[in-house]
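Each chain, letter by letter, is given below.
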Amino acid sequence: MAIFDLQLKAELENVTNLAPRESKESNFYDISGSRGEANLVMKCKFCKRESTATLLSDPVPYSNSGQFATVMQLECRGLEPVSFSPRGEWQAQGVESDTTFAVDLEDGDWGDYDEKTEEAVGVSDFEARFVAGRVKK
């Protein structure tokens, strides 16, 4: 078993609290031959061995514009994550207005307009990395 921290880095323009909309409870799959469940279950085509990844906690919203920060931890068995693609639904809040925005990061950048503050909002220069971690309590 290995613990990995997913760290994000992005430039936030007039938004904060960038996070995926789903929680760690969103998707669970049964592990064959076990009573356990995991968020990701993969089977090797060659050796037929199952590998799993489980989120240890709900994602922590990202607000450190321009700096790497840990947003979630994964417990991995039989695999090691090497890259991250921000697919699915994400959200962010306007810094001044608290407006919640639906964010699509599949292209790496996102932009919109906050009508309450009459300012442009956006996320750019998105980067992600996995680093070896320890269980945080």
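It should be noted that the structure appears before, not after, this text.
Residues numbered from 1 in each chain as written. Predicted model: local features only at pLDDT ≥ 70, side-chain atom pairs only at ≥ 80, totals over all residues. Heavy atoms only, no water.

As for the pairing of strand β1 (residues 2-13)
Then, number 1: Inspection of the sheet shows β1 paired to strand β7 (residues 69-77) by seven bridges, in the antiparallel sense. In the strand pairing of β7, Leu-6 is matched with Met-72.
Then, number 2: Where β1 and strand β11 (residues 119-132) come together, nine bridges link them in antiparallel fashion. From the neighbouring strand, Asp-5 faces β11, where its bridge partner is Val-131. (Pairing = 2+ DSSP bridges. Helix = DSSP H or I, 4+ residues; strand = E, 2+ residues; numbered from the N terminus.)

Regarding the nonpolar core
Then, number 1: Ranked by internal contacts, the top residues of the largest apolar core, which has 25 residues, are Val-15, Leu-18, Tyr-62, Val-103, Leu-105, Trp-110 and Val-123.
Then, number 2: Elements that contribute at least two residues to this core include exactly β1, β2 (15-20), β6 (50-55), β7, β8 (90-94), β9 (100-103) and β11. (Core = buried A, V, L, I, M, F, W, Y, C linked by side-chain atoms within 4.5 Å. Buried < 20%, exposed > 50% of the residue type's maximum accessible area, 1.4 Å probe, protein only.)

So, the sheet that holds strand β10 (residues 110-114)
Then, number 1: Taking strand neighbours across the sheet as the criterion, the six strands line up as β5-β6-β7-β1-β11-β10 in an open arrangement whose pairing is antiparallel. Bordering the open sheet on either side are β5 (40-43) and β10, each of which pairs with just one other strand. Geometrically, the sheet is characterised by an average inter-axis angle of 25° between neighbouring strands, direction not taken into account. (Axes fitted to C-alpha atoms, helices over the stretch in contact; angles between N-to-C directions.)

Some points on unusual backbone geometry
Then, number 1: Phi at Asn-17 takes a positive value of approximately 55°, unusual for a residue other than glycine.
Then, number 2: Along the chain, the position of Asn-17 falls in strand β2.
Then, number 3: Residue Lys-48 is not a glycine yet carries a positive backbone phi of 70°.

Let's talk about the layout of surface pockets
Then, number 1: Estimates place the volume of the largest pocket at around 900 Å³.
Then, number 2: As for the largest pocket, its lining consists of 28 residues, and the residues nearest its centre are Leu-55, Met-72, Leu-74, Phe-84 and Ser-85.
Then, number 3: Going through the elements one at a time, β5, β6 and β7 are the ones with two or more residues in the lining of the largest pocket.
Then, number 4: By residue class, the composition of the lining of the largest pocket is 17 nonpolar, seven polar and four charged. (1 Å grid on protein atoms, 1.4 Å probe; cavity = no way out; pocket = protein on both sides within 12 Å on 5 of 7 lines; lining within 4 Å. Points joined across faces, edges and corners; volume = space filled by probe spheres on them. Nonpolar A, V, L, I, M, F, W, Y, C, P; charged D, E, K, R; others polar.)

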